[in-house]
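# Observations on the three-dimensional arrangement
One letter stands for each residue in the lines below.
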Amino acid sequence: THSKSEMIRCIELEIIGIASLNLFLQLNYTGPSMDRGLKPEEGEEVQHPLDGINPHEMFHALASSENDKSSTKPVVSISEEKEEIHSLKETYTTDAFHNAVLSELAVDGEWPFQVCIAPYFLLLARAILSILAEPTRPFRNWSEKKNSLKNDDAVADAATVGISSVGGATFAARAKFLSGASHWNARAIVAHRRLISTKRDDDDEQACPSLWNEADAMFSRCLAAFCDNQVIFDDEHRNAHVASEIMLEWGLAQHHFRKLGRGKVSFSKALEISKLEVEVTGAEGKRTKFQQSATAQYLVRAKPSSQNAPDAEENDLSKKNANVEKQMITHDEVSSDALLLEKIKFEDQDDNVHYNLSILEQSILLALCLDVKNDNPMDGLTGEQMGAYLARVLNQHDDWMVYATGLLERAWLECERTHGRERAILQIQALADQHTNRLTVTQSTFKSVEEDSAPAQDRLRNLHGIVYPPRWDMLRDLAERYAKLGIVTSAAEIFEELELWDEVVECYRVAGKSSKAEEVVRARLAEKETPRMYAALGDLTSDPKHFERSLELSNGKFYDAHVALGKFYFDKGDLRRALKHFLEGLDIKPLMPQ
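To keep things clear, this report deals only with the structure shown in the data block. Owing to the predicted nature of the structure, the values given are computational and were not obtained by experimental measurement.

With respect to the helices and strands, E414 occurs in helix 14 (residues 400-414). Given the relative accessible area of 6%, E414 is considered buried.

Written out as structure tokens, the structure is:
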């Protein structure tokens, strides 16, 4: 009976860990937002779905504002800001709570993205799933520095929490029977890596080595359990499906960690396991409405191993997502005199007919498209080849996020073309808007928000098998494209919401508003103090006290502030203090790029 209760306890913990991870992914990746600001009922106060979720006791001292310590209000709630879509609302909490959570998620001197929503759910998922996957090991501390959370001895050191606190040897023995714990822990590790804010062009194979070692160990265990000719289920089709799915996710993990090959070998193995036949070839076809002669076009033919109808679950999913295709912005919606056809019209009618692929097979095609992008320079030929893969995926619209990923990749390609650029920008804006429940330019009716969009469970279902960017990356990409088009003020507003202050400064400088940047940073600091904002103010004013404040807020773990102070004191001739900060920065990030 005791063993049975421990097994139930393990299962309950696993469910809580998975639910926490899904909440974080919903709030930051897929949407829909939990903000009820769409049509608030007059005179009725509606409790936010996240209100009442209390953090671990190690955060209690930081979760209460000093002015409310004697109040009878609830201790804490974690929910989204109703006035600003991109910020975090922590009712009855202070900024110290948000920064403390990010401090615990900092890895190898790399700071998480500041404007993420409710990172506590990722921290909770990592804590639970890592213990279930490796029950005999103590809870990991991903930061190099110990005792990172300090608040008058009121906060415990997370690095000392071990298995003894959750049930001992019996619990550890039962946790080993959770066959999915390693897989979900691997997914949480990848989500953790994607939260870390690094310079995208400077972190090849170097960033987050601690997380990579953990991911490598977890995926190795999953591959040994499900992919190395193991028969787990009675159904052969299910065995192949799970093995192909894990191999695909392993390849995507290598891509996110920027490892050599970026998952190329794993994508090929996933394709082999799935027995999907893919042929990249050429065929004559027409791309524009008034084209008289057919020309050579890239074509991807994909044929599944079984041509039977999809299983019942996928049929139900397809029916539920009947509105998935409405995500697409057509050329005719953008301009009444658009030249391009929505699809290439091939001369051979057989090339216009396609086999029905499962969602996993569509995800594998997207991975092969990603491999083309990783393996080749971004020129016209690469774009044409990627476009052929995306066109094949977009022929079906069975899954909300798979289809959205195809639309987003196609929009990125079309941004480089003269005739597709306008549609592409509007498409990216539409995909960013579908995260929120509010009315926007591309989401202009209540029906489009409430009825024509997929619920959270459908959006999350296949998220781990695709590369869909977090909301902050999508907005950053949109802002960069606005800036390239000369719409610098709109770009600066988006960068400001994302707290990318270097980009804000540059946009306002181009717009002839140099003094505006410092004004913006100071205004944001008056609302919320964060390490990154104080470092940005230090860069703007060359005042070392702002870098010192940045280090105070980050508990001494904000690498950029150490480097900036080191350079400042070096230029002043104070070599002793410069050396101190350079050494502390080196301690945080041993593989220092500067």
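Moving on, we come to the packing of aromatic side chains. Throughout the structure, instances matching the rule amount to nine aromatic pairs. Ring pairs connect the aromatic residues W212, F219, W250 and F257, which therefore count as one cluster. The residue whose ring lies beneath R187 is W184, and the NZ or CZ to ring-centre distance is 4.6 Å. The ring of F257 carries R193 above its face, with NZ or CZ at 5.8 Å from the centroid.

This part covers the packing of helix 19 (residues 488-497) against helix 20 (residues 501-510). Between two packed helices, the angle of one axis relative to the other and the distance separating the axes together describe the packing. Between helix 19 and helix 20, the shortest axis-to-axis distance is 8 Å and the interhelical angle comes to 160°. Judged by the inter-axis angle, helix 19 sits roughly antiparallel to helix 20. Read as a crossing pair, helix 19 and helix 20 show a hand that is left-handed. Residues V488, A491, A492, F495 and E496 of helix 19 form the contact with helix 20, whose own contacting residues are W501, E503, V504, C507, Y508 and V510. Broken down by class, the residue content of the contact of helix 19 with helix 20 amounts to nine nonpolar, no polar and two charged.

The topology assignment puts V402 in helix 14. What makes V402 buried here is its relative accessible area of 0%. Sequence separation of V402 and L360 is 42 residues, and the distance between their C-alpha atoms is 9.4 Å. Setting aside residues up to four positions removed in sequence, V402 forms contacts with I359, Q362, S363, L366, V393 and I466.

What the three strands build is an open sheet, ordered 4-3-5; its pairing is antiparallel. Bordering the open sheet on either side are strand 4 (295-303) and strand 5 (340-346), each of which pairs with just one other strand. Taking the axes of each pair of neighbouring strands and ignoring which way they run, one obtains an average angle of 50° across the sheet. The pairing of strand 3 (residues 277-288) with strand 5 spans three bridges and is antiparallel. Following the sheet pairing, G285 is matched in strand 5 by F346.

The next point concerns the pairing of strand 3. Summarising the sheet, strand 3 and strand 4 pair through nine bridges and their orientation is antiparallel. The residue of strand 4 that forms the bridge with V278 is A302. Between strand 3 and strand 4, which pair antiparallel and follow one another directly, the connecting turn spans six residues.

Okay, the pattern of salt bridges next. Under the counting rule described, the total for this entry stands at 24 salt bridges. Residues E249 and R187 are paired through a salt bridge, measuring 2.7 Å at the closest nitrogen-oxygen approach. Note that E249 is positioned in helix 8 (residues 236-256) and R187 in helix 6 (residues 181-195), a separation of 62 residues in sequence. Exposure class is identical for E249 and R187. Each is buried. Between R461 and D458 there is a salt bridge whose closest N-O contact spans 2.9 Å. The network of salt bridges with shared partners includes E342, R410, E414 and R423.

Criteria and thresholds
- Residues numbered from 1 in each chain as written.
- Predicted model: local features only at pLDDT ≥ 70, side-chain atom pairs only at ≥ 80, totals over all residues.
- Heavy atoms only, no water.
- Helix = DSSP H or I, 4+ residues; strand = E, 2+ residues; numbered from the N terminus.
- Buried < 20%, exposed > 50% of the residue type's maximum accessible area, 1.4 Å probe, protein only.
- Phe/Tyr/Trp six-rings, centres within 6.5 Å; stacked < 30°, edge-to-face > 60°.
- Lys NZ or Arg CZ within 6 Å of the ring centre and 35° of its normal.
- Axes fitted to C-alpha atoms, helices over the stretch in contact; angles between N-to-C directions.
- Parallel < 35°, antiparallel > 145°, perpendicular 65-115°, else oblique.
- Left-handed = near helix turned anticlockwise from the far one by under 90°.
- Contact = heavy atoms within 4.5 Å.
- Nonpolar A, V, L, I, M, F, W, Y, C, P; charged D, E, K, R; others polar.
- Pairing = 2+ DSSP bridges.
- Salt bridge = Lys/Arg side-chain N within 4 Å of Asp/Glu carboxyl O.

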